[in-house]
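# Coordinate inspection notes
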Amino acid sequence: MSSDRTGLGRPPAPAVEVDDRLTEQWPDARCELDFTTPFELLVATVLSAQTTDVRVNQVTPELFRRWPGPAGLAAARQEELEQVLRPLGFFRAKATSLRGLAAALLEEHGGDVPADLDALVRLPGVGRKTANVVLGNAFGIPGITVDTHVGRLARRLGWSTEKDAVKAERDIAAVLPRERWTMACHRLIFHGRRVCHSRKPACGACVLADLCPSYGVGETDPEAAEALVKLPE
DNA sequence: ATCCCGAGGG
DNA sequence: CCCTCTGGAT
């Protein structure tokens, strides 16, 4: 049938209804990185790769106390920066990356964070995901952040079949109203972390079950109801 | 063992 | 497409 664009045997879940339900279930969904300026969010997001936001929030106060802006960070000593970033993992790469990012901000943007997707992505160490996080959460410009959760849920919901994040972003943009983009991604991430897990999703505890073309597909978590109770935060 | 809201390079 | 960079929590 033509409504089955998912290869899942059922039509895609209606995006606005999905977002409304997730809004109700996760009213506190938001950016969980602590920041006060676009610069701080940019740095925190770069640091968040393969680490929890909680851990990033544990190092950024010290980081921004020692190096409050791009000028200081660009001039930071590598070893000193590495020590502060050590708990995050990838600390050598992240220290190098931050210094390069700070230098590029100074040289190319006078120390300001550009409020523009293409300009952000051109900065070293800034990919599309980071750029969209900064746009959406520091500048209020709608952005779709396709991380591992958003990509997986978009595929399960039948919004996209793409593994490639840029293509998935295009597909999500086609079904979700622009003004919802930023917050809908936070909700999808919350839902992905708590219910729609990568392995054995808790379909039995999912408020989207009746809408989801992937409901019951593959192995699901039999203790779904309990899993929801002991979820973090 | 496996998982964390990734990016750059081969 | 794959691999690497890395540590801490569970």
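Being a predicted model, the structure only gives us computed values, none of them experimental. (Residues numbered from 1 in each chain as written. Chains lettered and ligands numbered in written order. Predicted model: local features only at pLDDT ≥ 70, side-chain atom pairs only at ≥ 80, totals over all residues. Heavy atoms only, no water.)

## Section: the UniProt feature "domain: HhH-GPD" (unreviewed entry) in chain A
Test applied: UniProt positions are given in the numbering used here, feature names are shortened, and annotations may be inferred rather than shown by experiment. Helix and strand labels come from DSSP, where a helix needs a run of H or I of at least four residues and a strand needs a run of E of at least two; each type is numbered from the N terminus.
Per the UniProt annotation, the sites labelled "domain: HhH-GPD" (unreviewed entry) are residues 47–194. From the first C-alpha to the last, residues 47–194 spans 23 Å; its make-up is 66% helix and 0% strand.

## Regarding the protein's contact with DNA strand B
Let me state the cut-off plainly: If even one non-hydrogen atom of a residue comes within 4 Å of a molecule or strand, that residue is called near it. Pairs of N or O atoms are called polar contacts if they sit within 3.5 Å, as long as, within protein, a hydrogen donor faces a hydrogen acceptor (for residues adjacent in sequence, only side-chain-to-side-chain pairs). Each residue is assigned to one of three groups, with Ala, Val, Leu, Ile, Met, Phe, Trp, Tyr, Cys and Pro labelled nonpolar, Asp, Glu, Lys and Arg labelled charged, and all others, Gly among them, labelled polar.
In the vicinity of DNA strand B there are 20 residues, among which G125, K129, T130, R193 and R199 approach most closely. Sugar and phosphate atoms constitute 62% of the interface atoms of DNA strand B, taking the interface as everything within 4 Å of the protein. Q50 places a polar main-chain atom, nitrogen or oxygen, 3.0 Å from a base oxygen of DNA strand B. At a separation of 3.2 Å, a phosphate oxygen of DNA strand B approaches a polar backbone atom of G127. For the surface near DNA strand B, the elements supplying multiple residues, two or more each, are α8 (128–138), α9 (148–156) and α11 (181–194). Per element, the largest residue contribution to the surface near DNA strand B is 3 residues, and it comes from α11. Partitioned by chemical class, the residues of the surface near DNA strand B number 5 nonpolar, 8 polar and 7 charged.

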